[in-house]
Amino acid sequence: MNITVVLDASALRAYARLDSVSVGELLQTVAEDGDLAGIPVLALVDLWPDLGKEEQNLVTDLIGRADSPVQVLPMHTDLVPAVAASARTLGHGPAHAVAVVQDLGATLATFHPDRYTGILDPYDVLELS
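What you see is a predicted model, and the numbers here were worked out from it, not measured in a lab. Numbers given for residues are sequential positions, taken from 1 along each chain in its written order. Residues qualify for local features only when their pLDDT is at least 70, as the model is predicted, and side-chain atom pairs are given and counted only at 80 or more; totals for whole chains, interfaces and linings, by contrast, use all residues. Derived side-chain values reflect all non-hydrogen atoms in the structure, with water molecules and hydrogen atoms excluded from consideration.

Outline the nonpolar core, supporting the account with residue identities and numerical values.
What we call a nonpolar core is a set of buried Ala, Val, Leu, Ile, Met, Phe, Trp, Tyr and Cys residues that are connected through their side-chain atoms within 4.5 Å. With a 1.4 Å probe rolled over the protein chains alone, any residue whose accessible area is under 20% of its type maximum counts as buried; one over 50% counts as exposed, and the rest are partly exposed. Counting residues in each nonpolar core, the largest one holds 22 residues, and the members touching the most others are Val5, Leu7, Leu12, Val23, Leu26 and Leu27. Taken together, the elements giving at least two residues each to this core come down to β1 (3-7), α1 (9-17), α2 (22-32), β2 (36-40), α3 (41-47) and α4 (53-64). Only DSSP runs of H or I reaching four residues or more are called helices, and only runs of E reaching two or more are called strands; each is numbered from the N terminus. The greatest single-element share of this core, amounting to six residues, is contributed by α1. By definition in these notes, contact holds between two residues if any of their heavy atoms fall within 4.5 Å. Setting aside residues up to four positions removed in sequence, Leu12 forms contacts with Ile39, Leu44, Leu47, Val59 and Leu62. Judged by nonpolar contacts, the second largest core, of 19 residues, contains Val6, Leu36, Leu73 and Val125.

Here it is, written out as structure tokens:
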């Protein structure tokens, strides 16, 4: 399966907090197309301490199901230079998301597209609402 969309921490936070249906709808569309969404592990690590226990349970269920439409994306050694290049500016999670989007040719799903202005092509960023 192909990873076509990468969720940043803002998208994952909205999913966990049930703040917006747009993330769930996006995941459903991705799954219907036979593809997957990716969650960079560093974005997950950055977000985890800010989630309550119930929110953590929702995320754990999402990433742990055998039929999950998402895959947690590991931090591979070959991505270290790309992540390190923007980590001081963006933070580790967003930098990992940017590197994965560029590596896979995927689209970044975020509630904060302005954070990626000048780093990613605007066509590679999907603004969630």
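Having seen it, we continue.
Let's hear about the sheet that holds β1: which residues, and what values?
Hydrogen bonds between backbone atoms are what pair the strands of a sheet, whose relative direction is either parallel or antiparallel. At least two bridges found by DSSP between two strands are what make those strands a pair. Judged by pairing direction, the sheet is parallel, and its five strands sit side by side in the order β3-β2-β1-β4-β5 without closing on themselves. The outermost strands of the open sheet, each flanked by one partner alone, are β3 (70-73) and β5 (125-127). Strand-to-strand twist of the sheet, defined as the mean angle between neighbouring strand axes without regard to direction, takes the value 30 degrees. To obtain each axis, a line is fitted to C-alpha atoms, and for helices this fit is confined to the stretch in contact; angles are then taken between N-to-C directions over 0 to 180 degrees. Each of β1, β2, β3, β4 (107-110) and β5 touches α2; the most contacted strand, β1, lies at about 165 degrees to it.

Outline the pairing of β4, listing residues and values.
The pairing of β1 with β4 spans three bridges and is parallel. The residue bridging Leu7 from the neighbouring strand is Ala109, located in β4. In terms of strand pairing, β4 meets β5 through three bridges, oriented parallel. Residue pairing for β5: Thr110 is matched across the bridge by Glu127.

Tell me about the packing of α1 against α4, and name the residues and values.
Interhelical geometry of α1 versus α4 gives an angle of 110 degrees and a closest axis separation of 8 Å. In terms of orientation, α1 and α4 fall into the roughly perpendicular class. Of the residues in α4, those touching α1 at Leu12, Tyr15, Ala16 and Arg17 are Glu55, Leu58, Val59 and Leu62. Classification used: nonpolar for Ala, Val, Leu, Ile, Met, Phe, Trp, Tyr, Cys and Pro, charged for Asp, Glu, Lys and Arg, polar for all others including Gly. A breakdown of the residues in the contact of α1 with α4 according to their chemical character gives six nonpolar, no polar and two charged. Reported orientations rely on four angle classes, namely roughly parallel under 35 degrees, roughly antiparallel over 145, roughly perpendicular from 65 to 115, and oblique for the rest.

Before we move on, could you go through the packing of helix α5 (residues 80-90) against helix α6 (residues 92-104) and cite the residues and values that matter?
Packing of α5 against α6 leaves a shortest axis separation of 7 Å and a crossing angle of 140 degrees. In terms of axis orientation, α5 runs oblique to α6. Like other packed secondary-structure pairs, α5 and α6 cross with a definite hand, here right-handed. Residue-level contacts link Ala82, Val83, Ser86, Ala87 and Leu90 of α5 to His92, Pro94, Ala95, His96, Val98 and Ala99 of α6. For any helix crossing, the convention is left-handed if the near helix is rotated counterclockwise from the far helix by under a right angle, and right-handed if that rotation is clockwise.

Mind laying out unusual backbone geometry, listing which residues take part and the relevant values?
Peptide bonds are, in most cases, trans, and in most cases residues other than glycine have a negative phi. Its identity as a non-glycine residue notwithstanding, Leu18 has a phi of 55 degrees, on the positive side. Considering the arrangement of structural elements, one finds Leu18 in the loop between α1 and α2.

I'd like to hear about α4, residue by residue, with values.
Expected span of a helix, by definition, is 1.5 Å for each gap between consecutive residues, and there is one gap fewer than residues. In this model, α4 (12 residues) spans 16 Å end to end at C-alpha, consistent with the 16 Å of a helix rising 1.5 Å per residue. When α4 is considered as a whole, its buried residues turn out to be Glu55, Gln56, Val59 and Leu62. One side of α4 holds all its buried residues, which, seen down the axis, span an arc of 125 degrees. Seen from the open side of α4, the exposed residues pointing more than 90 degrees away from its buried face are Lys53, Glu54 and Gly64. In this fold, the buried residues of α4 make contact with α1, α2, α3 and β3. Relevant arc is that of directions from the helix axis to the C-beta atoms, nothing else.

Functional significance is not addressed by these values, which are geometric in nature.
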